[in-house]
Amino acid sequence: MAAAILVVEDEEPIAEILKFSLGKEGYQVYLAFDGEQALQMARDLDLQLILLDLMLPEKDGFQVCKEVRTFTTVPIIMLTARNSEVDKVLGLELGADDYVTKPFSNRELLARVRANLRRTELNDEDKTPPGHRDRLHIGECIVDFDTYTVTKRGETVPLTHREFELFAFMAARPTMVFSREQLLLQVWGITYMGDERTVDVTIRRLREKLEDDSGNPAYVLTKRGVGYFVRR
Ligand code: CA
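Residues numbered from 1 in each chain as written. Predicted model: local features only at pLDDT ≥ 70, side-chain atom pairs only at ≥ 80, totals over all residues. Heavy atoms only, no water.

## Examining the overall build of the protein
Phase 1 of the analysis: For the protein, the helix and strand inventory stands at eight helices and eleven strands.
Phase 2 of the analysis: Across the 232 residues that make up the protein, the buried fraction comes to 50%.
Phase 3 of the analysis: Of all intrachain contacts in the protein linking residues separated by at least 6 positions in sequence, the fraction that spans at least 24 positions is 59%.
Phase 4 of the analysis: Counting only carbon and sulfur atoms, one obtains 50% of the accessible surface of the protein, whose full area is about 11,700 Å². (Helix = DSSP H or I, 4+ residues; strand = E, 2+ residues; numbered from the N terminus. Buried < 20%, exposed > 50% of the residue type's maximum accessible area, 1.4 Å probe, protein only. Contact = heavy atoms within 4.5 Å. Areas by Shrake-Rupley, 256 points an atom, 1.4 Å probe, with all protein chains shown as cover.)

Structural data, given as structure tokens:
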């Protein structure tokens, strides 16, 4: 089944262009022209991805992102006209998985969409025979690759896609230390042009959700001057 994408963009010509180019790739595209409409559609529709413009009337993209994250972990790509580090970092802090800076090329956008859909597509197709993929036990956490969830003492940890992928990648290679550059490449993918601060922001969010005391982490540890690792 075609992945359903919600495009949230108040400038109609841009929204129509996005609808056209995503539609041409076979995606099912829904349009929302303001934040309220976007939230309603995010609740009502079974979406695989949200493209969220930052500059929206009344409720801006940051607010929408924050509210969407209270009920779904669907991948969110922020569209920002401002090439500002502050906006990018704030977007990631609020739970966006990725961002694209306007003006963007069609090719760049599609690459990001594909990269962010990878996980959803894997789930939908479910090509892996049951029981084939392992569950990982890390301390009191279980990483389940079939359902893409992490549970801790039986409770699901509400991770976004990217946070899950980051934790799962490192948890599958316990005690191995990864540089920020390696993590950007492995977890975000080679199409990603983000800077290394993106990794730090995502690690911080991951710790806030996963650790009993995020200031004194027991799972995701820092190797000073090198990068990060997950304890066995
Ligand atoms: Ca706009």
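## Quick look at the coordination of the calcium ion
Phase 1 of the analysis: The protein atoms donating to the calcium ion are Glu9 (OE), Asp10 (OD), Glu11 (OE), Asp53 (OD) and Met55 (O), with metal-donor distances spanning 2.1 to 3.0 Å.
Phase 2 of the analysis: Given a relative accessible area of 44%, methionine 55 falls into the partly exposed group. (Donors = N, O, S within 2.8 Å, 3.2 Å for Na, K, Ca; no water.)

## A few points about empty space enclosed by the protein
Phase 1 of the analysis: Using the criterion set out here, one finds four cavities of 30 Å³ or more in the structure.
Phase 2 of the analysis: Space inside the largest cavity adds up to approximately 70 Å³.
Phase 3 of the analysis: The set of elements that each furnish at least two residues to the lining of the largest cavity consists of α6 (161-171) and α8 (197-210).
Phase 4 of the analysis: Take the lining of the largest cavity: its biggest share by element is four residues, from α8.
Phase 5 of the analysis: Class assignment for the residues of the lining of the largest cavity results in four nonpolar, four polar and four charged. (1 Å grid on protein atoms, 1.4 Å probe; cavity = no way out; pocket = protein on both sides within 12 Å on 5 of 7 lines; lining within 4 Å. Points joined across faces, edges and corners; volume = space filled by probe spheres on them. Nonpolar A, V, L, I, M, F, W, Y, C, P; charged D, E, K, R; others polar.)

## Re the sheet that holds strand β4 (residues 76-80)
Phase 1 of the analysis: Sheet architecture is open: five strands sit in the order β2-β1-β3-β4-β5, paired in parallel fashion. Looking at which strands have only one partner, the edges of the open sheet turn out to be β2 (28-32) and β5 (98-101). Between one strand axis and the next, the sheet turns by 20° as a mean value, whatever way the strands run.
Phase 2 of the analysis: As defined by bridge partners, strand β3 (residues 49-53) adjoins β4 across four bridges and the pair is classed as parallel. Bridged to leucine 51 within β4 is isoleucine 77. (Pairing = 2+ DSSP bridges. Axes fitted to C-alpha atoms, helices over the stretch in contact; angles between N-to-C directions.)

## Notes on the packing of α6 against α8
Phase 1 of the analysis: The contact between α6 and α8 brings their axes to 10 Å, and the two run at 85°. Taken together, α6 and α8 sit at an angle that is classed as roughly perpendicular. Residues Arg162, Glu163, Leu166, Phe167 and Met170 of α6 lie in contact with α8, whose contacting residues are Thr202, Ile203, Arg205, Leu206, Lys209 and Leu210.
Phase 2 of the analysis: The residue makeup of the contact of α6 with α8, split by class, is six nonpolar, one polar and four charged. (Parallel < 35°, antiparallel > 145°, perpendicular 65-115°, else oblique.)

## Digging into the confidence of the model for the protein
Phase 1 of the analysis: Predicted confidence across the protein gives a mean pLDDT of 86, with 88% of residues reaching 70 or more.
Phase 2 of the analysis: Between residues 125-132, whose pLDDT stays under 50, and residues either more than four places distant or in other chains, the model counts one contact. (pLDDT = per-residue confidence, 0-100.)

## Quick word on the packing of aromatic side chains
Geometrically, a pair of aromatic rings is defined through the distance of the ring centres and the angle of the planes.
Phase 1 of the analysis: Within the structure shown, the criterion is met by three aromatic pairs.
Phase 2 of the analysis: Look at phenylalanine 169 and phenylalanine 178: their rings are 5.0 Å apart centre to centre, the planes differ by 55°, and that puts the pair in the tilted class.
Phase 3 of the analysis: By relative accessible area, which is 12% here, phenylalanine 169 ends up buried.
Phase 4 of the analysis: Members of the aromatic cluster, joined through ring pairs, are Phe145, Tyr148 and Phe164.
Phase 5 of the analysis: Just above the ring of phenylalanine 71 sits the side chain of arginine 43; from NZ or CZ to the centre is 4.1 Å.
Phase 6 of the analysis: Over the ring of tyrosine 219 we find arginine 231, and its NZ or CZ is 5.8 Å from the ring centre. (Phe/Tyr/Trp six-rings, centres within 6.5 Å; stacked < 30°, edge-to-face > 60°. Lys NZ or Arg CZ within 6 Å of the ring centre and 35° of its normal.)

## With respect to the packing of helix α7 (residues 180-188) against α8
Phase 1 of the analysis: For the pair α7 and α8, interaxial distance at closest approach is 9 Å and the crossing angle is 75°. Taken together, the axes of α7 and α8 are roughly perpendicular relative to one another. Two secondary-structure elements touch here, α7 through Arg180, Leu183, Leu184 and Trp188 and α8 through Thr198, Val199, Asp200 and Thr202.

## Some details on the pattern of salt bridges
Phase 1 of the analysis: Overall, the coordinates contain 16 salt bridges when judged by the stated rule.
Phase 2 of the analysis: Notably, a salt bridge pairs lysine 59 with glutamate 67, separated by 3.2 Å at the nearest N-O pair.
Phase 3 of the analysis: Among the residues examined, lysine 59 registers a relative accessible area of 18% and is labelled buried.
Phase 4 of the analysis: Here aspartate 212 ties to lysine 152 by a salt bridge, and the two come within 2.7 Å at their closest N and O atoms. You can see aspartate 212 sitting in the loop between α8 and β10 (220-223) and its partner lysine 152 sitting in strand β8 (residues 149-152), a full 60 residues away along the chain.
Phase 5 of the analysis: Among the residues examined, aspartate 212 registers a relative accessible area of 59% and is labelled exposed. (Salt bridge = Lys/Arg side-chain N within 4 Å of Asp/Glu carboxyl O.)

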